[in-house]
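# Analysis of the macromolecular model
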Amino acid sequence: MTIYIKELKQSFKSLCIWTASIAFMMLVCILLFPEMKNEMESVTAVFANMGGFTAAFGMDKLSFGELMGFYGIECGNIMGLGGGFFAALAGISVLAKEEKERTAEFLLTHPVSRFSVITGKLLSVLTQVVILNLVAVSVSLISAAAIGESFEMKEFILLHTAYLIMQTEIACICFGISAFIKRGSIGTGLGLALALYFMNIVCNISEQAEFLRYITPYGYAEASNIISEGKLDMGLIAVGAVISVVGAAIGYIRYIKKDIAA
């Protein structure tokens, strides 16, 4: 518990900045919806005829003139990229930073097992992801109420459930990678999240790349599919859950056996 609290305190500033930034962008998008609503139908028609570009971002299945469709595309990208980047950064640095900051000797000489250290760090990362999502959901609901609109709650809940699972998977993958890195690498985390995001775009454009949906967590967090179908793809989520567990397990195994430089 001490390690868990320590990690949360150390990450508090970063969590606040990322959460505030994402929440602010979502707030602005929703508050702009009434001004843009009347023009959105024509925008939807234009995007519907843009071929591969339309399919890449799921705009062929959603209407910009409806709050849920507008939210899925605009705020969905904010939660997808912004939330994914945050999860990646939180996970990629959590095990490596002790060597980078030269605090490993101080931490690991305490009467606490490495297993406990790793568990506290992983829980702190997952807690940050949950907090980010809770704030995003709260801001979205309050913003919608402020403009006199309401979400289709079933699709809204499913969408944010998918984002939470997706960000958790990215965090766990980066957590596992972090155990192999000695000095930490922000670029590795951001690069991985961005690569997974573009894999999903490729999936949307090309049927030949459909297999990539089993690799990228963005495959089951596709707003256009969730909103139009009113359900989650439990098969892809199950694959994502396995990948999350494997990523976390690799982090445990590697870090417990790792020769850590002070």
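My aim in this report is to walk through the structure given alongside it, one point at a time. As the structure is a prediction and not an experimental result, all values here were calculated from the model.

Reading guide: rules and limits
- Residues numbered from 1 in each chain as written.
- Predicted model: local features only at pLDDT ≥ 70, side-chain atom pairs only at ≥ 80, totals over all residues.
- Heavy atoms only, no water.
- Helix = DSSP H or I, 4+ residues; strand = E, 2+ residues; numbered from the N terminus.
- Buried < 20%, exposed > 50% of the residue type's maximum accessible area, 1.4 Å probe, protein only.
- Areas by Shrake-Rupley, 256 points an atom, 1.4 Å probe, with all protein chains shown as cover.
- 1 Å grid on protein atoms, 1.4 Å probe; cavity = no way out; pocket = protein on both sides within 12 Å on 5 of 7 lines; lining within 4 Å.
- Points joined across faces, edges and corners; volume = space filled by probe spheres on them.
- Salt bridge = Lys/Arg side-chain N within 4 Å of Asp/Glu carboxyl O.
- Phe/Tyr/Trp six-rings, centres within 6.5 Å; stacked < 30°, edge-to-face > 60°.
- Contact = heavy atoms within 4.5 Å.
- Expected span 1.5 Å × (residues − 1).
- Arc of directions from axis to C-beta.
- Nonpolar A, V, L, I, M, F, W, Y, C, P; charged D, E, K, R; others polar.
- Patch = residues over 30% accessible without salt bridge, like charges linked within 9 Å, V, L, I, M, F, W, Y side chains within 5 Å.
- Core = buried A, V, L, I, M, F, W, Y, C linked by side-chain atoms within 4.5 Å.

## Some words on the overall build of the chain
When helices and strands are counted, the chain shows ten helices and zero strands. When the elements of the chain are put in sequence order from the N terminus, they spell out α-α-α-α-α-α-α-α-α-α. Looking at the chain as a whole, 48% of its 262 residues qualify as buried. For the chain, the exposed area adds up to about 12300 Å²; of that, 67% sits on carbon and sulfur atoms.

## Here we look at empty space enclosed by the protein
Counted under the stated rule, the structure contains two cavities of 30 Å³ or more. In this structure, the second largest cavity occupies an estimated 40 Å³ of space. The wall of the second largest cavity is formed by Glu169, Arg213, Tyr214, Ile215, Thr216, Pro217, Tyr220, Leu236, Val239, Gly240 and Ile243. A per-element tally of the lining of the second largest cavity places helix 10 (residues 234-257) first, with four residues.

## Concerning the pattern of salt bridges
Per the counting criterion, the structure on display carries three salt bridges. When the shortest N-O distance is used, the salt bridge between Lys6 and Glu7 registers 3.8 Å. For Lys6, a relative accessible area of 28% gives the class partly exposed. A relative accessible area of 1% places Glu7 in the buried class. Beyond isolated ion pairs, a larger network of salt bridges with shared partners links Lys6, Glu7 and Lys121.

## Considerations on the packing of aromatic side chains
Within the structure shown, the criterion is met by nine aromatic pairs. Measuring from ring centre to ring centre gives 5.2 Å for Phe33 and Phe70, while their planes differ by 45 degrees; the resulting arrangement is tilted. With Phe33 in helix 1 (residues 2-48) and Phe70 in helix 3 (residues 67-93), this pair connects stretches of sequence that are 37 residues apart. Just as Phe33 is buried, Phe70 falls in that class too. A ring pair is formed by Tyr71 and Phe151, whose centres lie 4.7 Å apart and whose planes are at 65 degrees; its orientation type is edge-to-face. Here Phe151 lies in the loop between helix 6 (114-146) and helix 7 (153-178) and Tyr71 lies in helix 3, a separation of 80 residues in the sequence. Here Tyr71 falls in the buried class, since its relative accessible area comes to 1%. Residue classification places Phe151 among the buried positions, given a relative accessible area of 8%.

## A short note on the side chain of Gln167
In this fold, Gln167 is placed in helix 7. When near neighbours in sequence (up to four residues on either side) are disregarded, Gln167 contacts Met79, Gly83, Gly84, Ala87, Val129, Leu132 and Asn133.

## Side note on helix 8 (residues 186-205)
Side chains that are three or four residues apart share a direction in an α-helix, a result of its 3.6 residues per turn. For helix 8, spanning 20 residues, the distance from its first C-alpha to its last is 29 Å, which sits close to the expected 28 Å at 1.5 Å a residue. Here helix 8 has its buried residues at Gly189, Ala193, Leu196, Tyr197, Asn200, Ile201, Cys203 and Asn204. Summarising the axial view, the buried residues of helix 8 lie within an arc of 165 degrees, below the 170-degree limit, and thus occupy one face. Residues of helix 8 that are exposed and point more than 90 degrees away from the buried face comprise Gly187 and Ile205.

## Structural notes on the layout of surface pockets
Here the idea is plain: a probe the size of a water molecule rolls over the atoms and shows the empty space left. Space inside the second largest pocket adds up to approximately 180 Å³. Looking at the lining of the second largest pocket element by element, the count peaks at three residues for helix 9 (residues 223-229). For the lining of the second largest pocket, a count of residues per class yields four nonpolar, two polar and seven charged.

## A few points about a nonpolar patch on the surface
A surface patch of nonpolar side chains, about 350 Å² in accessible area, is lined by Phe24, Met25, Val28 and Leu32. Structurally, Val28 is set in helix 1. Taking the relative accessible area as the measure of exposure, Val28 reaches 32% and is therefore partly exposed.

## Points about the nonpolar core
Membership of the largest hydrophobic core comes to 61 residues, with the highest contact counts inside it found for Met26, Tyr71, Phe151, Leu159, Ile170 and Phe175. For this core, the secondary structure elements donating two or more residues are helix 1, helix 3, helix 6, helix 7, helix 8, helix 9 and helix 10. Per-element tally for this core: the top contributor is helix 3, with 13 residues. Excluding its chain neighbours within four sequence positions, the residues that come into contact with Leu159 are Met68, Tyr71, Gly72, Ala223, Ile226 and Ile227.

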